[in-house]
Amino acid sequence: MKTIKNIAVLTSGGDAPGMNAGIRAVVRAGIYNGLNVFGVKRGYDGLVNGEIVPMDAKSVANIIQRGGTILKTARSDEFRTYEGRKKAFENIQKLEIDALVVIGGDGTFTGASKFIEEFDIPIIGMPGTIDNDLAGTDFTIGYDTAINTVVDAVDKIRDTAESHDRLFVVEVMGRDSGLIALRSGISTGAEAVLIPEIKVDYDAIMKRLDKTRKNKASRIIIVAEGDKEGGIVVADKIKENFPHYDVRLSILGHIQRGGRPTCMDRVLASRLGVASVEGLIAGRRGEMAGLICGEVQFTPFKKAIKHLDDINENLTRIVEILSL
């Protein structure tokens, strides 16, 4: 096994709060273990174009509390080609980089798997995505911050909803996963939560709205953007069935990606950053570092990127029970 002396870290795909904490952990854990550390700007695109810079402890000072990623992120069409990956490998060789830590989601790990297969470079992944849709970790970096952002926004929306006796349909992020919608729906007291994993039963929703207390000053319905109907369609259907309701639609959009990471995301990113560096030193490759039941575990990329279609039925049941 080749001794690792130089490593590089990059962030790829959609940004997530806590990525900076992860970068900081990788850089400082690398230095602590006697390694030289590089940062790759703009994800795999930066590998292809040679945007690789040396980093030291000062490079990551005062970033743990910042959202986004100081290394920036981008999607790379060129890295999807063999020629692009070959250019990336040649750039790594020039700087004698022995291994990579990649922070991102399923697309990031899919690219890493291909890179390992073709060029035999050790890579460890860190789960950085607000969707929490990777296997091999209880929570992904950025998820806790995103759902707290949603909760804060919906709490504010409910203030105006109660003032005007309105029903708000709130669309949140979650193209393929409804976990943001589900947990934020429970914590904000939503009347219904619509997610892509479960087929929408409009009859059941309308019955629920009809039988809940008539004197409710406000009603909130949370819809994941990946739901086939979408927030606009849901709002229109409710208007058709309940013309006496003052129905409004609010799409939260990209505010869910930004903001100061929560304590949970900072600690999670820090633990996984240190574990990733130590994993590489120990000879691991092609795995994602995650946290399961409070302990760091490593999961092969191919298993980690398997989309989680199973939703905890207790959570969906709680929404119905508490919407009375």
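Parameters and conventions
- Residues numbered from 1 in each chain as written.
- Predicted model: local features only at pLDDT ≥ 70, side-chain atom pairs only at ≥ 80, totals over all residues.
- Heavy atoms only, no water.
- Axes fitted to C-alpha atoms, helices over the stretch in contact; angles between N-to-C directions.
- Helix = DSSP H or I, 4+ residues; strand = E, 2+ residues; numbered from the N terminus.
- Parallel < 35°, antiparallel > 145°, perpendicular 65-115°, else oblique.
- Left-handed = near helix turned anticlockwise from the far one by under 90°.
- Contact = heavy atoms within 4.5 Å.
- Nonpolar A, V, L, I, M, F, W, Y, C, P; charged D, E, K, R; others polar.
- UniProt positions renumbered as here; feature names shortened; annotations may be inferred.
- Disulfide = S-S within 2.5 Å.
- Buried < 20%, exposed > 50% of the residue type's maximum accessible area, 1.4 Å probe, protein only.
- Expected span 1.5 Å × (residues − 1).
- Salt bridge = Lys/Arg side-chain N within 4 Å of Asp/Glu carboxyl O.
- Domains from an automatic or database assignment.
- Buried area = accessible area lost by both parts, 1.4 Å probe.

**Things to note about the packing of helix α5 (residues 143–164) against helix α6 (residues 179–187)**
- With their axes 9 Å apart at the nearest point, α5 and α6 run at an angle of 50° to one another. Of the possible angle classes, the one that applies to α5 and α6 is oblique. Classified by chirality, the crossing of α6 by α5 is right-handed. Contacts between α5 and α6 involve Y143, A146, I147, V150 and V151 on the former and, on the latter, L179, I180, R183, S184 and S187.
- Among the residues making up the contact of α5 with α6, the classes are represented as 7 nonpolar, 2 polar and 1 charged.

**Digging into the UniProt feature "binding site: ATP" (unreviewed entry) in the protein**
- The feature "binding site: ATP" (unreviewed entry), as given by UniProt, occupies G14, R75, S76, G105, D106, G107 and T108 in the numbering adopted here. Despite a sequence span of 95 residues, these residues sit close together in the fold, their greatest C-alpha distance being 14.1 Å.
- Tracing the backbone through its elements, the reader meets G105 in the loop between β4 (99–104) and α4 (106–119).
- Discounting chain neighbours no more than four positions away, the residues touching G105 are G128 and L134.
- Along the polypeptide, G107 turns up in helix α4.

**Re the state of the cysteines**
- For the structure on display, the rule yields 0 disulfides.
- Free cysteine: C263, not disulfide-bonded; nearest cysteine sulfur from C293 at 20 Å.
- With relative accessibility at 60%, the residue C263 sits in the exposed group.

**Describing helix α1 (residues 19–32)**
- Its 14 residues give α1 an end-to-end C-alpha distance of 20 Å, which sits within 8% of 20 Å, the value for a rise of 1.5 Å per residue.
- Among the 14 residues in α1, 10 count as buried, and that is most of the element.
- Residues of α1 that are buried include every one of M19, N20, A21, G22, I23, A25, V26, V27, A29 and G30, and no others.
- The elements touched by buried residues of α1 are β1 (6–11), β2 (36–40), β3 (52–55), β4, β5 (123–127) and α9 (263–281).
- After α1 finishes, the residue G34 shows a positive phi value of roughly 80°.

**Thoughts on the pattern of salt bridges**
- Across all of its chains, the model carries 11 salt bridges by this definition.
- In this structure, D77 engages R80 in a salt bridge whose closest nitrogen and oxygen atoms are separated by 2.7 Å. The burial state of D77 is the same as that of R80; both residues are exposed.
- For D152, the salt bridge identified is with K156, shortest N-O distance 2.8 Å. One end of the pair, D152, and the other, K156, are both in helix α5, 4 residues apart, so they sit about a helical turn from each other.
- Because the salt bridges share partners, they merge into one network encompassing R166, D246 and R248.

**A short note on the domain arrangement of the protein**
- Entries for the protein in the domain assignment read domain 1 (6–142 + 261–304) and domain 2 (144–257).
- Computed over C-alpha atoms only, the centres of domain 1 and domain 2 are separated by 34 Å.
- Between domain 1 and domain 2, a total of about 1,100 Å² is buried, with carbon and sulfur atoms accounting for 53% of that surface.
- The largest contributions to the domain 1 side of the interface with domain 2 come from I130, D131 and T262, which together make up 43% of the buried area.

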